[in-house]
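Each chain, letter by letter, is given below.
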Amino acid sequence: MPKVTYVATDGSRCTIDATVGDSVMATAVRNGVPGIVGECGGNMSCATCHVYVDAEFAGPVGPPGDLEDAMLDLGVSDRRETSRLSCQLAVSDALDGLVVQTPEEQG
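Everything quoted here is computed from the prediction, not taken from an experiment.

### Quick look at the sheet that holds strand S5 (residues 98-101)
Note on sheets: strands pair through backbone hydrogen bonds, and any given pair is parallel or antiparallel.
For step 1, the next point in the chain: Taking strand neighbours across the sheet as the criterion, the five strands line up as S2-S1-S5-S3-S4 in an open arrangement whose pairing is mixed. Pairing within the sheet leaves two strands with one partner each, and these edge strands are strand S2 (13-17) and strand S4 (83-85). Each adjacent strand pair in this sheet contributes to an overall mean axis angle of 35°, direction not counted.
For step 2, the next point in the chain: As defined by bridge partners, strand S3 (residues 50-53) adjoins S4 across three bridges and the pair is classed as antiparallel. Each residue of the ladder has a partner; that of Tyr52, found in S4, is Ser83.
For step 3, the next point in the chain: Lying on the sheet, helix H3 (residues 66-75) is in contact with S3 and S4; it crosses S4 at an angle near 110°.

### Some thoughts on the side chain of Ser23
For step 1, the next point in the chain: Along the chain, the position of Ser23 falls in the loop between S2 and helix H1 (24-30).
For step 2, the next point in the chain: Owing to a relative accessible area of 14%, Ser23 belongs among the buried residues under this scheme.
For step 3, the next point in the chain: In this structure the side chain of Ser23 is engaged in a polar contact, spanning 2.8 Å, whose partner is the backbone nitrogen of Ala26.
For step 4, the next point in the chain: Every residue in contact with Ser23, bar those within four places of it in the chain, is listed here: Ser86, Cys87, Leu89, Ala90 and Val91.

### Some points on the pattern of salt bridges
For step 1, the next point in the chain: Summed over the entire model, instances satisfying the criterion amount to six salt bridges.
For step 2, the next point in the chain: With a shortest N-O distance of 2.6 Å, Arg30 and Asp22 are connected by a salt bridge.
For step 3, the next point in the chain: Close ionic contact of Arg80 with Asp78 constitutes a salt bridge, the shortest N to O distance being 3.5 Å.
For step 4, the next point in the chain: Asp78 sits in the partly exposed class, given a relative accessible area of 38%.
For step 5, the next point in the chain: Among the ionic contacts, a cluster of salt bridges with common partners joins Asp69, Asp73 and Arg79.

How each quantity is defined
- Residues numbered from 1 in each chain as written.
- Predicted model: local features only at pLDDT ≥ 70, side-chain atom pairs only at ≥ 80, totals over all residues.
- Heavy atoms only, no water.
- Pairing = 2+ DSSP bridges.
- Helix = DSSP H or I, 4+ residues; strand = E, 2+ residues; numbered from the N terminus.
- Axes fitted to C-alpha atoms, helices over the stretch in contact; angles between N-to-C directions.
- Contact = heavy atoms within 4.5 Å.
- Buried < 20%, exposed > 50% of the residue type's maximum accessible area, 1.4 Å probe, protein only.
- Polar contact = N/O pair within 3.5 Å; in protein donor to acceptor, adjacent residues only side chain to side chain.
- Salt bridge = Lys/Arg side-chain N within 4 Å of Asp/Glu carboxyl O.

Right under this line is the structure:
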């Protein structure tokens, strides 16, 4: 079972066993991870699931698609090179050990 580690702005870490095929956002919301809201339920319309992907996983995760890129531009105040919407990140065995950091504020 792949693990995803969520890092809060205070540096605290929460590692969760995730289900292959679930989104990083759904995994966080289901397990009460602070800092990931997911108001739209994963429909890519709110940007309240914004995360920074750890540089080590930037390649395997890949860049955002066009719609996600536009939502990040519109809905994120502190966008970085590794910014992604966690609703668009599908958990897979290849992403076992994925580390994402939550921003100081969402959407």
